[in-house]
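Commentary on secondary and tertiary structure
Letter by letter, the chains look like this.
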Amino acid sequence: MDVAEMLIYSGEPVGEQYEKIEEYLTEKYRTPIVMGDIESIEDITTTIAVNSPFELPSSVIAQMSRGYEKYVSMSWNGNYDISMPGTYEIEGSTIANPTIKMTYKLIVE
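Model, not experiment: these values are computed from the prediction. (Residues numbered from 1 in each chain as written. Predicted model: local features only at pLDDT ≥ 70, side-chain atom pairs only at ≥ 80, totals over all residues. Heavy atoms only, no water.)

Considering the nonpolar core
Membership of the largest hydrophobic core is limited to 11 residues, which are Tyr-18, Ile-38, Ile-41, Val-60, Ala-62, Met-64, Tyr-68, Val-72, Met-74, Ile-100 and Met-102. Secondary structure elements with two or more residues in this core: strand 1 (38-41), strand 3 (59-64) and strand 4 (69-77). Sort the elements by how many residues they give to this core and strand 3 lands first, with three residues. Excluding anything up to four places from it in sequence, Val-72 contacts Ile-38, Ile-41, Ser-58, Ser-59, Val-60, Ala-62 and Thr-94. (Core = buried A, V, L, I, M, F, W, Y, C linked by side-chain atoms within 4.5 Å. Buried < 20%, exposed > 50% of the residue type's maximum accessible area, 1.4 Å probe, protein only. Helix = DSSP H or I, 4+ residues; strand = E, 2+ residues; numbered from the N terminus. Contact = heavy atoms within 4.5 Å.)

Structural data, given as structure tokens:
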């Protein structure tokens, strides 16, 4: 059985309105529905002291194609050592679209 739902709203949704629509549909159907594609994610640089606790984030803010920002889940490829001073560059890619990549630069001082 196929089911269709139509959403009618006044004007074109912008910014946070897309998030509200996405939340409504996700809550209602319990499936991940994305309103627009990931346009880009920015590189991140963090400086920490040697032996400071650190974990790569499970998600980062992405610029979406419809002009708003959203947290997206990430996968990381690279190593770092918080006990060793240095600069570590870890490549990240979005789980939703692994071709969209970023670099997380961790500076341990």
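Let's talk about the sheet that holds strand 5 (residues 86-94)
On the basis of which strands lie adjacent, the open sheet formed by six strands has the order 1-3-4-5-6-2 and mixed pairing. Looking along the sheet, the strands with just one partner apiece sit at the ends: strand 1 and strand 2 (44-48). Shown here is a sheet whose adjacent strand axes are inclined to one another by a mean of 40 degrees, direction ignored. (Pairing = 2+ DSSP bridges. Axes fitted to C-alpha atoms, helices over the stretch in contact; angles between N-to-C directions.)

Considering a nonpolar patch on the surface
Together, Leu-7, Tyr-9 and Tyr-24 line one region of the surface with nonpolar side chains, adding up to about 290 Å² of accessible area. By the element assignment, Tyr-9 lies in the segment before helix 1 (16-29). Take Tyr-9: its relative accessible area is 45%, and that puts it in the partly exposed class. (Patch = residues over 30% accessible without salt bridge, like charges linked within 9 Å, V, L, I, M, F, W, Y side chains within 5 Å. Areas by Shrake-Rupley, 256 points an atom, 1.4 Å probe, with all protein chains shown as cover. Salt bridge = Lys/Arg side-chain N within 4 Å of Asp/Glu carboxyl O.)

Section: the pairing of strand 5
As paired elements, strand 4 and strand 5 share four bridges and run antiparallel to each other. By the bridge assignment, Trp-76 is partnered in strand 5 with Gly-92. Alignment of strand 5 against strand 6 (residues 101-108), held across eight bridges, turns out to be antiparallel. Bridge pairing in strand 6 places Gly-86 opposite Val-108. Hairpin connection from strand 5 to strand 6: six residues lie between these consecutive antiparallel strands.

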